[in-house]
Amino acid sequence: MITTILWDIDGTLLDFLAAEKAAIRSLFRDFHLGECTDEMLARYSAINRSYWERLERGEITKTQVLIGRFHTFFGQEGLDTSVAEAFNEEYQLRLGDTIVFHDDCKPIIEALHGKVKQYVVSNGTIAAQMKKLRLSGLGEYMDGIFLSDQLGVEKPNVEFFNKVFEEIGSVDRKTVLIVGDSLTSDIRGGNNAGILTCWYNPAGVEKTTDDHVDYEITDLHQIYSLL
């Protein structure tokens, strides 16, 4: 029986790509960088993903991710790389302005409130994630929020989850389920922590890692069947 759900935010409960697109395009205007096309956004997303994957492997720091991705992106696009740090600072705040729910998930989180314990587990920055949780209203239904910047370690590191469980208190890890879209962060992290894993895979992409997946869903409403 599942008693506790650890929810990822970006790409799981909320549409991160929609927020990313809106934030970057608005900042391109503010920083007078010209038009940011769909093709440019696609190139940025690939760069961004590669930086986060390097962080998950422990190769670079969070600061190197946040600034380095924009430095690389601007350099490849022939833009001024010196604004990368300032751009990122504004980007963290702007990310929380666009709230798009996956699968109209807010009623799901609300319905589960009080029936199972629900916690946020995210590698996103404090500024961005707290604003998203406040504006989306999701935060009020959570029993706790665990962000890597606060814990000092990132998913999928087992120490991230050990610190979560230190705060949660006594719970049978066999009754804990992590739900997330990332095989290398959420699912691998769940494997490292010895808890159940649910891969949110709405696009039905092929699994490309050896990480063990207990459940795979394409719509968040399917979470009910797991409970």
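Let us look at the structure shown here. (Residues numbered from 1 in each chain as written. Predicted model: local features only at pLDDT ≥ 70, side-chain atom pairs only at ≥ 80, totals over all residues. Heavy atoms only, no water.)

## Topic: the pattern of salt bridges
Tallied over the full model, the rule gives 14 salt bridges. Of the charged contacts in the structure, one is a salt bridge between R94 and D30, with a shortest N-O distance of 3.0 Å. Of this pair, R94 sits in helix α4 (residues 84-94) while D30 is found in helix α1 (residues 16-30), placing the two residues 64 residues apart along the sequence. R57 is the partner of E59 in a salt bridge, and the nearest nitrogen-oxygen pair spans 2.8 Å. The class of E59 is partly exposed, set by a relative accessible area of 48%. The network of salt bridges with common partners includes D8, K155 and D186. (Salt bridge = Lys/Arg side-chain N within 4 Å of Asp/Glu carboxyl O. Helix = DSSP H or I, 4+ residues; strand = E, 2+ residues; numbered from the N terminus. Buried < 20%, exposed > 50% of the residue type's maximum accessible area, 1.4 Å probe, protein only.)

## Notes on the packing of α1 against α4
Running from N to C, α1 and α4 point in directions that differ by 135°, and their axes come no closer than 9 Å. Compared by their axis directions, α1 and α4 come out oblique. Note that α1 runs across α4; the crossing there is right-handed. Residues F16, E20, A23, I24, S26, L27, F28 and D30 of α1 lie in contact with α4, whose contacting residues are F87, E90, Y91 and R94. Residue composition of the contact of α1 with α4, by class: seven nonpolar, one polar and four charged. (Axes fitted to C-alpha atoms, helices over the stretch in contact; angles between N-to-C directions. Parallel < 35°, antiparallel > 145°, perpendicular 65-115°, else oblique. Left-handed = near helix turned anticlockwise from the far one by under 90°. Contact = heavy atoms within 4.5 Å. Nonpolar A, V, L, I, M, F, W, Y, C, P; charged D, E, K, R; others polar.)

## Considering the packing of aromatic side chains
Using the criterion set out here, one finds 13 aromatic pairs in the structure. Centre to centre, the rings of F28 and F74 are 6.3 Å apart; their planes meet at 65°, and the pair counts as edge-to-face. Within this pair, whereas F28 is found in helix α1, its partner F74 is found in helix α3 (residues 62-76), the two being separated by 46 residues in sequence. Using a relative accessible area of 1% as the deciding quantity, one classes F28 as buried. Aromatic rings pair up to connect F28, F31, Y44, F70, F73, F74, F87 and Y91 into one cluster. Its guanidinium or amino end placed over the ring of Y51, R54 lies 5.3 Å from that ring's centre, counting from NZ or CZ. (Phe/Tyr/Trp six-rings, centres within 6.5 Å; stacked < 30°, edge-to-face > 60°. Lys NZ or Arg CZ within 6 Å of the ring centre and 35° of its normal.)

## What to know about the packing of α1 against helix α2 (residues 38-56)
Axis separation between α1 and α2 bottoms out at 11 Å; the angle between their running directions is 115°. Once α1 is placed against α2, the crossing between them reads as right-handed. Residues F16, L17, E20, K21, I24, R25 and F28 of α1 lie in contact with α2, whose contacting residues are D38, M40, L41, Y44, S45 and N48. Classifying every residue of the contact of α1 with α2 gives seven nonpolar, two polar and four charged.

## Some thoughts on the pairing of strand β5 (residues 196-200)
Burial analysis of β5 places five of its five residues in the buried class, the great majority of the element. Burial of β5 is two-sided: the residues L196, C198 and Y200 facing one way and the residues T197 and W199 facing the other way are all buried. Pairing of strand β4 (residues 176-180) with β5 involves four bridges; the strand directions are parallel. Residue pairing for β5: I178 is matched across the bridge by T197. In the classification by handedness, the crossover that spans β4, the intervening helix α9 (residues 183-193) and the parallel β5 is right-handed. (Pairing = 2+ DSSP bridges. Right-handed = clockwise from strand over helix to strand, strands pointing away.)

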